[in-house]
Amino acid sequence: SQVIYPPVDVASITPGKKENIILSVGRFSAHQLHPKKQDILIEVFKEVYKNAPDWKLILVGQAKKQDQKYIRFLRRMSRGFAIKIIENIPIEKLRDLYSRSTVYWHATGFGEDETLHPERMEHFGIATVEAQAAGAVPVVIGKGGQKEIVAQNKNGLLWSSKTQLLNQTINLIKNKAKIKELSENAVKNSRRFTIEKFLRQYEEIIF
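Rules and cut-offs
Residue positions are given per chain, counted from 1 along the sequence in the order it is written. Only residues with pLDDT of at least 70 are given local features in this predicted model, and only at 80 or more are side-chain atom pairs given and counted; all residues enter the totals for whole chains, interfaces and linings. Hydrogens and water molecules were not included; the side-chain quantities draw on all heavy atoms of the structure. Any carboxyl oxygen of Asp or Glu within 4 Å of a side-chain nitrogen of Lys or Arg constitutes a salt bridge here. Numbering of helices and strands starts at the N terminus; helices are DSSP runs of H or I of at least 4 residues and strands are runs of E of at least 2. For the exposure calls, accessible area comes from a 1.4 Å probe over protein chains only, and a residue counts as buried if that area is under 20% of its type's maximum, exposed if over 50%, partly exposed in between. Like-charged residues within 9 Å of one another, or nonpolar side chains (Val, Leu, Ile, Met, Phe, Trp, Tyr) within 5 Å, are grouped into patches, provided each residue has over 30% relative accessible area and no salt bridge. To be clear on the numbers: accessible area is Shrake-Rupley with a 1.4 Å probe, and residue cover counts the displayed protein chains and nothing else. For the purpose of charge, His is not counted, nor are the chain termini; Lys and Arg are scored as positive and Asp and Glu as negative. Taken as the charge centre is NZ of Lys, CZ of Arg, CG of Asp or CD of Glu, depending on the residue. The angle between two axes is taken between their N-to-C directions and runs from 0 to 180 degrees, where each axis is a line fitted to C-alpha atoms and a helix contributes only its stretch in contact. Angular relationships are summarised with four words: roughly parallel below 35 degrees, roughly antiparallel beyond 145, roughly perpendicular across 65 to 115, and oblique for the angles in between. If you view the pair so one helix is near and one far, a crossing is left-handed when the near helix is turned anticlockwise from the far one by less than a right angle, and right-handed when it is turned clockwise. We call two residues in contact when some of their heavy atoms are within 4.5 Å.

### Some points on the pattern of salt bridges
Inference 1: In the structure shown here, the tally under the stated rule is 14 salt bridges.
Inference 2: Among the ionic pairs, Arg100 bridges to Glu19, the shortest N-O distance being 3.1 Å. With Arg100 in helix 3 (residues 91-100) and Glu19 in the segment before strand 1 (21-25), this pair connects stretches of sequence that are 81 residues apart.
Inference 3: Judged by relative accessible area, which is 23%, Arg100 ranks as partly exposed.
Inference 4: Ionic pairing is found between Glu119 and Arg120, a salt bridge with its closest N-O pair at 3.9 Å.
Inference 5: By relative accessible area, which is 30% here, Glu119 ends up partly exposed.
Inference 6: Under the relative-accessibility criterion, Arg120 is labelled partly exposed at 29%.

This is the structure:
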């Protein structure tokens, strides 16, 4: 079989002036097949904040009425810290956030057995590619489709434990040269997943 990655509209996302923002994008739900584990990200960011109080975490995602209990739980967790939770954001504002974010976090699959429950992993990770297109350095869990997008220490960082996420993030945000290197490589890597490349690969199979 031949794998064709889903097309990502990377052309509409460009890097902007970077701010001290860690961004995570994913639906707010604790009960879907592969929950985004925003509670884990909040927990780790509280430790990051102790070392880097000029940074903030922004969690963005779709939410329905049945997700409000989980969102209230996340807001309670976030009190007293530089954490912002934004529901159902327009695409233009999301692209602006991507462009201003320096780091991108993703935790789907954390604490799950990848072999026993592959359905609980991120199948691909379009948001990670979008973040790369904007020059946000992905610091994402090394499970599921994330491993096929991010090459360790080349165009992002992979982690498997909360301690790794914490340490890799702190080391990264204290190293501007490393941020620049990984950010530039992330933008280049995102071009592997363009709409044009998808169509070309699809046509090669069909015709």
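### A few points about a positive patch on the surface
Inference 1: A cluster of like positive charges, contributed by Lys69, Arg72, Arg76 and Arg79, occupies part of the molecular surface.
Inference 2: Positionally, Lys69 belongs in helix 2 (residues 68-78).

### Details of the environment of Glu196
Inference 1: Structurally, Glu196 is set in helix 8 (residues 195-206).
Inference 2: Assessed through its relative accessible area of 53%, Glu196 is described here as exposed.
Inference 3: For the pair Glu196 and Val8, spaced 188 residues apart in sequence, the C-alpha to C-alpha distance is 9.4 Å.

### Focus on the packing of helix 1 (residues 38-51) against helix 6 (residues 162-173)
Inference 1: One way to put it is that helix 1 packs onto helix 6 with a least axis distance of 10 Å and a crossing angle of 40°. As judged from the angle between their axes, helix 1 and helix 6 are oblique. For helix 1 against helix 6, the interelement crossing comes out right-handed. The segment helix 1 lies against helix 6, with Ile40, Leu41, Glu43, Val44, Glu47, Val48 and Asn51 engaging Lys162, Leu165, Leu166, Thr169, Ile170 and Ile173.

### A few points about unusual backbone geometry
Inference 1: Here the phi dihedral of Lys37 falls at roughly 60°; this positive angle occurs in a residue that is not glycine.
Inference 2: Inspection of the secondary structure puts Lys37 in the loop between strand 1 and helix 1.
Inference 3: Judged by relative accessible area, Lys37 falls into the buried class, the value being 15%.
Inference 4: Not every positive phi belongs to a glycine, and Asn88 is a case in point at roughly 50°.

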